[in-house]
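Chain residues, written in single-letter form:
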Protein chains: 4
Amino acid sequence: MKAKNYISGNRKPVILDTDPGMDDAIALFFLMGRQDILEPVAITTVFGNVSIDKTTHNAQKLLKFLDAEEVPVYRGASSPLIRDRVSGEMIHGESGLGEVDFPEPEKSSDATSTPAAVAMAKEIMARPGEITVITVGPMTNLALALKLYPEIKEQIAEVIVMGGAMGQGNRTASAEYNVFADPHSAQIVFESGLSVAMIGLDVTEQSKPGQKERQLLQKLDHPVATKTLEFMDFFKRQMKTDYDMAFHDPCAIAYAINPDIFTTRSMDVRIELTGTYTLGRTVCSRGQEEVKGVMGDPDSRNVKVGLGVDREKFFEELFTSFRKLADTMN
Amino acid sequence: MKAKNYISGNRKPVILDTDPGMDDAIALFFLMGRQDILEPVAITTVFGNVSIDKTTHNAQKLLKFLDAEEVPVYRGASSPLIRDRVSGEMIHGESGLGEVDFPEPEKSSDATSTPAAVAMAKEIMARPGEITVITVGPMTNLALALKLYPEIKEQIAEVIVMGGAMGQGNRTASAEYNVFADPHSAQIVFESGLSVAMIGLDVTEQSKPGQKERQLLQKLDHPVATKTLEFMDFFKRQMKTDYDMAFHDPCAIAYAINPDIFTTRSMDVRIELTGTYTLGRTVCSRGQEEVKGVMGDPDSRNVKVGLGVDREKFFEELFTSFRKLADTMN
Amino acid sequence: MKAKNYISGNRKPVILDTDPGMDDAIALFFLMGRQDILEPVAITTVFGNVSIDKTTHNAQKLLKFLDAEEVPVYRGASSPLIRDRVSGEMIHGESGLGEVDFPEPEKSSDATSTPAAVAMAKEIMARPGEITVITVGPMTNLALALKLYPEIKEQIAEVIVMGGAMGQGNRTASAEYNVFADPHSAQIVFESGLSVAMIGLDVTEQSKPGQKERQLLQKLDHPVATKTLEFMDFFKRQMKTDYDMAFHDPCAIAYAINPDIFTTRSMDVRIELTGTYTLGRTVCSRGQEEVKGVMGDPDSRNVKVGLGVDREKFFEELFTSFRKLADTMN
Amino acid sequence: MKAKNYISGNRKPVILDTDPGMDDAIALFFLMGRQDILEPVAITTVFGNVSIDKTTHNAQKLLKFLDAEEVPVYRGASSPLIRDRVSGEMIHGESGLGEVDFPEPEKSSDATSTPAAVAMAKEIMARPGEITVITVGPMTNLALALKLYPEIKEQIAEVIVMGGAMGQGNRTASAEYNVFADPHSAQIVFESGLSVAMIGLDVTEQSKPGQKERQLLQKLDHPVATKTLEFMDFFKRQMKTDYDMAFHDPCAIAYAINPDIFTTRSMDVRIELTGTYTLGRTVCSRGQEEVKGVMGDPDSRNVKVGLGVDREKFFEELFTSFRKLADTMN
Ligand SMILES: [Ca+2]
Ligand SMILES: [Ca+2]
Ligand SMILES: [Ca+2]
Ligand SMILES: [Ca+2]
């Protein structure tokens, strides 16, 4: 892995691997508003919150809405590597985007011609050492790319994963959804030797908007803010809760823009693949008190695990992006 | 399970199942100082921190030290049900009691004549519905008793377990030592239908003495306080740390004396028996967002999980006991 | 393990651990007819084909039928160590003994006063090095005895297990019923270091009576032969087959009487406890071509695996026993 | 899956997925000699007996030797999907082809430009419903192709797998090497819904040449026969055995040429992925006596399992091919 230092003025080229998904949509807004810092090389889609047909269609609708159809969308995996598919309609609604309306894309893009994993590898090899891959869905596409084209491992700048949890999971007591949905792919990514930042529930659960953030969103008075509020309202109705949805996927974008608002720790992280109750758990070891032979080798600190986030700054970054987007879109 | 209400004035009869172990020793001091509330029916020993020969011998030495050799000691399991034995000399020293001196018991007690599991069952059946079993080591003895004499399940008042963790483990990233050391026995106990209180690391890690508690111990100026300080000093030397050892096992005694100083939550707790990295994890589910079919059945809230402890009151209870013991022993 | 050489004239004392069960009943007939060679020290019962209440009652009925109520029956485990109970009413009928009638035992024997595992251990320690344990049901009782009284390991002459399969299983494609029903107990027994002979399906499937054996049974014209034929008829009706039931459990008795009619091979046998499709498989390795680190250590040939049986001699032994029984019972 | 009926005169187009490997080489000879029946569309290589660099180089050398460099070779996976790589130098020697000499390919072919999985999918989609994939190594390439291009599932005529075992394994007591080397890929293939014929050890162990076949080979007096004999001699020296190597991989070619020389049975076959001792076992169920909920659903007879082979005809087919090859090569 040869990460380049980005000279001020240069943008960081990123591929967003996503299963929209309401918080995926907000993450995409976030990304597209900061094109001064991030360069969206491609959007790759994956099954997850809903089927691959829907997540791909959703990605195209969101780009249409953002007037950014020039960003290529590559359709990816329709199912996990090994396990059966589990999806998230109970949270994200039948369409995956709540009941929130978005315009239809004019034409079917080139989404189906090249599989996401192949496209991802081509983009990476075209700009060796430069591209950051941000996964905010199951990691199937990146896993397939690594298995098909092992040479990309040396040429990816960084992988930023929204996924996993050192503490409690969300889909099960043990596991976070994106890892639970394809734990074998997560293992391929985590044990690849790539530079991986895991932005998991330990961080993203701290990113639930509160009353203050709601009001700031309302004041923005711009389509992306409005859509974000509509997602939040759908979530509350759907889940019958009185708290707001966590902004899981946007945290990965925030990390790409400004990692300094997160506290992280290098840990030995393994994916549990055989447990009866723990399938898909991201076992995080500090590499100290562990029984030899299980894990916790101090030399294997393979993942930078996000443990804390500066909430204030996170929302500041998000709203900055939304404001910039407002300027562009009008 | 038919728990009796203890009328004020009645003592709660308890069996302490233990693998002394330094914090086991402190737990035993704690128990023996509150014989106004707790009635020590028997001490049963188990392999664990050190071998069964040593833990049994240690239990006898501790009772001799406390001038309480009338409490019967029953020697228990020498190995876990299924897995290989893992022990804790690296923490508790070769003898299991640091390098702290205790008097030799005058005679070999009746420790070997009846196995702990058989003795435990006999005591329970002799006082149906009355006895609380406190396990502060691997749960092999209670598991064997339940398998041999299923009828005791209806006659145990409560099981208080020092063991498990909802958060990080200590022996591995996933598992706490007492459960890791015999996960199959833990499963037998946790899924028995018994009323189980799990006083795990989430609570006991909050029970590390600080400067204040050290000073209070020093002021007590009594053999049990002195021995406790010697254990604490051994731990710091042995582990090369600057923090004090957690008082894991004494927390279980505190719960037996006064459960109100703990906050708990009823959860569906399962022991992971097949995981590659998660063997012995106590998977704790709130029974809500889980995938159906894995666990999290809202009707299966089988364990009362300790989540918090009032530190202040915990040490108050402990020192109260030590003071009472001082009165008795002199 | 100190096996004695039995001087001609001395009988081999055996404990039969059983879950009657139709073939268990035939095994008991077989055993009781050869009291010139085998000494039935005790019958211990276990859950299995039917519940522990029924298997215990069946054992008592069978002894009454054989006019042998002096042989003590000890009631054993009602459930497997870890897994859920699976039983065999679909084969053995609701009662466990087909619809075949047996007399009621006059009095409830001492079956419930001492658990089978405890009784087994006492008998073994009373005659150190002498007793052979024959298990023809799930191995829970012997496993519990070994865990409670590890000292018996040195004092058991031999364990003869009806259970396991090197080839296809019967309860699942991978596993034979007695091992599948309590694989954890099987592991305790197989990895105990005891001298174990595994008389599994590879042998017992060769012991299905054919037309010739049916006729010989009919000719015997004695109650035990008649009952055996009634079992065989029930099996054919129940399973809607045109072949006869295998005499699984009687093979273990035949091995106790005359091991020379079997061909065996010392192998490294392990019980699969974590497989998705292979739970309870008896993995048999010849200790040669295996990947190091999995199993197949040439030094660990822990089990003598039955691979072949001389059918002719097997039935000859069985009918000899039945004839002797006829003499005794009349 | 739409398998075409091949009209007499039409050749069956096949992709051979291989890890040469000595028996792979013999399989390739076998295939190339019967181009009247089989059309070699492509050779795809995979890690296995030796590294992907070596297996790819070996495939190219073998085609050069056969004067058939027009058949494209596509380099495939260098490692299994999930597990660590295990290889077979102890059997096939450092190079993978014993110490048997073959000419160097003149130019590095296009082996590296398109990954095997991608090339495989393109060939399949170019001739929908026509192509038979024969895998005689770990199944990683086909698994990746199925995950990347799920649409090929409908367009593969048949998959013929040399791999698996209903009886004893070879790499472990439980597992055959090709499945053991990448069990997760095997599961993807076996549970894909494709028409799979499993030509496993139950059949291929019957294909060891004997004295008669050696003599016939010697009489052929042709380079391919000579090389085959050199492989056989290397095997005997290497393994210090006095029996000949089994012709595992050639059996899969024989099945492609003439399935009628094999007896098969449709079974429910699952790959064990979580077992401690049984990783990579092909669990074969007849779908009858199994416990409901484990496997053995009579409706899921997903694999045609080879149980027997007509040895005579197998070698007849092989030698016919060798003779035809002799005609071509001279
Ligand atoms: Ca997502
Ligand atoms: Ca302890
Ligand atoms: Ca039986
Ligand atoms: Ca091969």
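As recorded in an unreviewed UniProt entry, chain A goes by the name Inosine/uridine-preferring nucleoside hydrolase, listed as coming from Natranaerobius thermophilus.

Take the coordination of the calcium ion (ligand 3) next. Residues and elements named next belong to chain C. At this site the calcium ion (ligand 3) is bound by D19 (OD), D24 (OD), D24 (OD), V136 (O) and D249 (OD), with donor distances of 2.2 to 2.5 Å. Expressed as a motif, the donor residue spacing for the calcium ion (ligand 3) is D-x4-D-x111-V-x112-D. Of the two residues, D19 is situated in the loop between β1 (12-18) and α1 (22-33) and V136 in the loop between β4 (131-135) and α5 (140-148); the sequence distance between them amounts to 117 residues. The exposure classification of D19 matches that of V136, with both residues buried.

Next up on the list: the relation of the copies chain C and chain D. The transformation that overlays chain C on chain D combines an axial shift of 0.0 Å with a rotation of 180°, and the residual RMSD is 0.0 Å. Seen this way, the second copy is the image of the first under a two-fold rotation axis. Considering only C-alpha atoms, the residue of chain C closest to the rotation axis is G275 of chain C, which sits at 1.8 Å. Counting the interface residues of chain C, we find that 100% of their copies in chain D are interface residues as well, pointing to one common contact surface.

Residues and elements named next belong to chain B. Two numbers describe how helix α9 (residues 211-220) lies on helix α10 (residues 223-239): the axes approach to 8 Å, and their chain directions differ by 140°. Classified by the angle between their axes, α9 and α10 sit oblique to one another. The handedness of the crossing between α9 and α10 comes out as left-handed. Residue-level inspection shows R214, L217, Q218 and L220 of α9 in contact with α10, the latter providing A225, T228, L229, M232, D233 and K236.

What follows deals with the interface of chain C and chain D. The interface is formed by 28 residues belonging to chain C together with 28 residues belonging to chain D. Interface area, chain C with chain D, both sides summed: about 2,400 Å², of which 52% is carbon and sulfur. At the junction of chain C with chain D, the criterion picks out zero salt bridges. At the boundary of chain C with chain D, the tally comes to twelve residue pairs in polar contact (both at pLDDT 80 or more). Elements with a minimum of two residues in the side of chain C that touches chain D: β7 (262-271) and β8 (282-285) of chain C. Element by element, the count of residues in the side of chain C that touches chain D is highest for β8 of chain C, at three residues. Residue composition of the side of chain C that touches chain D, by class: ten nonpolar, ten polar and eight charged.

Here we take up the relation of the copies chain D and chain A. When chain D is fitted to chain A, the residual RMSD is 0.0 Å, and the transformation amounts to a turn of 180° plus an axial shift of 0.0 Å. Of the interface residues in chain D, 100% have counterparts in chain A that sit at the interface too, so the contact is made through matching surfaces.

Next up on the list: the environment of A68 of chain A. Residue and element names in this part refer to chain A. Counting through the fold element by element, A68 comes out in the loop between α2 (52-65) and β3 (73-74). Judged by its relative accessible area of 5%, A68 falls in the buried class. Sequence separation between A68 and I134 is 66 residues, and the spatial gap between their C-alpha atoms is 19 Å. Apart from the residues within four sequence positions on either side, A68 is in contact with M32 and L63.

Attention now moves to the packing of aromatic side chains. Any aromatic ring pair is given by two values, namely how distant the centres are and how the planes are angled relative to each other. Per the counting criterion, the structure on display carries 40 aromatic pairs over all chains. When the ring of F30 of chain B is compared with that of F314 of chain B, the centres are 6.4 Å apart and the planes differ by 75°; the resulting orientation is edge-to-face. In this pair, F30 of chain B is assigned in helix α1 (residues 22-33) and F314 of chain B in helix α12 (residues 311-329), connecting sequence segments 284 residues apart. Taken individually, F30 of chain B and F314 of chain B each receive the classification buried, so the pair is uniform in this respect. A network of ring pairs unites the aromatic residues F29, F65, F102, F231 and F322 of chain A as a single cluster. Cation over ring: K227 of chain A sits above F102 of chain A, and NZ or CZ is 5.1 Å from the ring centre. Over the ring of F180 of chain D we find R83 of chain D, and its NZ or CZ is 4.4 Å from the ring centre.

Going through the model one piece at a time under the given rule, you end up with 64 salt bridges over all chains. Linking R34 of chain C and E317 of chain C is a salt bridge whose minimum nitrogen-to-oxygen distance equals 3.3 Å. Of this pair, R34 of chain C sits in the loop between α1 and β2 (38-45) while E317 of chain C sits in helix α12 (residues 311-329), and the two are 283 residues apart along the sequence. Judged on exposure class, the residue R34 of chain C and its partner E317 of chain C are both buried. Three or more residues are tied together by salt bridges with common partners; here these are R34, D36, E317 and K324 of chain A.

Turning to the interface of chain D and chain A, a few remarks are in order. Chain D puts 18 residues into the contact, and the matching count from chain A is 18 residues. Taking both partners together, chain D and chain A bury about 1,500 Å²; carbon and sulfur atoms supply 70% of that area. Area buried by chain D at its contact with chain A is led by I82, K147 and L148 of chain D, which between them contribute 38% of it. In this assembly, chain D and chain A are joined by zero salt bridges. Here chain D and chain A share four residue pairs in polar contact (both at pLDDT 80 or more) between them. Looking at the side of chain D that touches chain A, the elements with two or more residues in it are α4 (116-126), α5 (140-148) and α7 (183-190) of chain D. For the side of chain D that touches chain A, a count of residues per class yields twelve nonpolar, five polar and one charged.

Residue and element names in this part refer to chain B. Across the sheet, which stays open at both edges, the nine strands sit in the order β3-β2-β1-β4-β5-β6-β9-β7-β8 with mixed pairing between neighbours. Strands with a single pairing partner mark the edges of an open sheet, and in this sheet they are β3 (73-74) and β8 (282-285). Relative to strand β9 (residues 303-309), strand β7 (residues 262-271) runs antiparallel, the two being bridged by six bridges. Pairing of F262 across the sheet is with V309, part of β9. In this fold helix α2 (residues 52-65) packs onto β2 (38-45) and β3, with an angle of close to 150° to the strand it touches most, β2.

Another point: unusual backbone geometry. Residues and elements named next belong to chain A. The omega angle of the peptide bond from P20 to G21 is -10°, so this bond is cis rather than trans. Structurally, G21 is set in the loop between β1 (12-18) and α1 (22-33). Positive phi values are uncommon outside glycine, yet K240 reaches one of about 50°. Residue classification places K240 among the exposed positions, given a relative accessible area of 74%.

Every α-helical turn comprises 3.6 residues, leaving residues that sit three or four positions apart pointing alike. Residue and element names in this part refer to chain A. The terminal C-alpha atoms of α1, which comprises twelve residues, lie 17 Å apart, in line with the 16 Å expected from a rise of 1.5 Å per residue. For α1, the buried fraction is high: twelve of the twelve residues fall into the buried class. All of the buried residues along α1 are M22, D23, D24, A25, I26, A27, L28, F29, F30, L31, M32 and G33.

Okay, the confidence of the model for chain A next. All names here are of chain A. With 91% of its residues at a pLDDT of 70 or more, chain A has an overall mean of 92. Note that residues 1-8 has pLDDT below 50 and, in this model, 17 contacts with residues that lie over four places away or in other chains. Low pLDDT, under 50, characterises residues 289-293; the predicted model gives this stretch twelve contacts beyond four residues in sequence or across chains. The complex prediction reports pTM at 0.95, with the ipTM value standing at 0.94.

Here we come to the state of the cysteines. On inspection of all chains with the given rule, the structure shows zero disulfides over all chains. Here C251 of chain B stays unpaired: no disulfide links it, and the sulfur of C284 of chain B, its closest cysteine neighbor, is 16 Å away.

Below, the discussion takes up the side chain of N49 of chain D. With respect to the helices and strands, the residue N49 of chain D is situated in the loop between β2 (38-45) and α2 (52-65). Ignoring anything within four residues of it in the chain, the contact list for N49 of chain D reads D19, G21, D24, S87, G88, E89, H92 and Y177 of chain D.

Once that is clear, we can look at the sheet that holds β7 of chain C. Residues and elements named next belong to chain C. Strand order in this open sheet of nine strands is β3-β2-β1-β4-β5-β6-β9-β7-β8, and the pairing throughout is mixed. Both outer strands of the open sheet, β3 (73-74) and β8, are each paired with one neighbouring strand and no more. Helix α11 (residues 248-257) rests against β1, β2, β4, β5 (156-162), β6 (196-199), β7 and β9 (303-309) of the sheet, and its axis sits at about 150° to β5.

Thresholds, definitions, all that
Just so you know, the residues in each chain are numbered from 1, in the order the chain's sequence is written. Chain letters start at A and ligand numbers start at 1, both assigned in the order the entries are written. For this predicted model, a pLDDT threshold of at least 70 governs which residues receive local features, and a threshold of 80 or more governs which side-chain atom pairs are given and counted, while totals over whole chains, interfaces and linings are taken from all residues. Water and hydrogen atoms were dropped before computing side-chain values, which therefore reflect all heavy atoms in the structure. For Na, K and Ca the donor cut-off is 3.2 Å, and for all other metals it is 2.8 Å, counting N, O and S atoms only; because water is absent from this set, sites may look incomplete. Helix and strand definitions follow DSSP, with helices as H or I runs of at least four residues and strands as E runs of at least two, each counted in order from the N terminus. Partly exposed describes any residue whose relative accessible area lies between the buried limit of under 20% and the exposed limit of over 50%, with all areas from a 1.4 Å probe on protein chains only and scaled to the type maximum. The copies were overlaid by least squares, fitting only the C-alpha atoms of residues that reach a pLDDT of 70 or more in each copy. The criterion used for residue contact is that any of the two residues' heavy atoms lie within 4.5 Å. Convention adopted: a line fitted to C-alpha atoms gives each axis, helices being fitted over their contacting stretch, and angles between N-to-C directions are expressed from 0 to 180 degrees. Any angle between 65 and 115 degrees counts as roughly perpendicular, while under 35 counts as roughly parallel, over 145 as roughly antiparallel, and the rest as oblique. Note on convention: the crossing is left-handed when the near helix lies turned anticlockwise from the far helix by less than a right angle, right-handed when the turn is clockwise. Buried surface area refers to the total accessible area, computed with a probe of radius 1.4 Å, that the two partners give up upon joining, counted for both partners together. Any carboxyl oxygen of Asp or Glu that lies within 4 Å of a side-chain nitrogen of Lys or Arg is treated as forming a salt bridge with it. In the analysis that follows, any N or O atom pair within 3.5 Å is treated as a polar contact, provided that within protein one partner can donate a hydrogen and the other can accept it, and provided that, for residues neighboring in sequence, both atoms belong to side chains. Under the grouping applied here, Gly and all other residues not named as nonpolar or charged are polar, the nonpolar ones being Ala, Val, Leu, Ile, Met, Phe, Trp, Tyr, Cys and Pro and the charged ones Asp, Glu, Lys and Arg. Two rings from Phe, Tyr or Trp (for Trp, the six-membered ring) form a pair when their centres are within 6.5 Å of each other. A pair whose planes differ by under 30 degrees is stacked, one over 60 is edge-to-face, and the rest are tilted. A ring is scored as having a charge over it whenever the NZ atom of a lysine or the CZ atom of an arginine sits within 6 Å of its centre and within 35 degrees of its normal. Whether two strands pair comes down to DSSP finding at least two bridges between them. Residue count minus one, scaled by 1.5 Å, sets the expected span of a helix. Each residue carries a pLDDT value, the predictor's own confidence for that position, ranging from 0 to 100. A pair of cysteine sulfur atoms is labelled a disulfide when the two atoms are within 2.5 Å.

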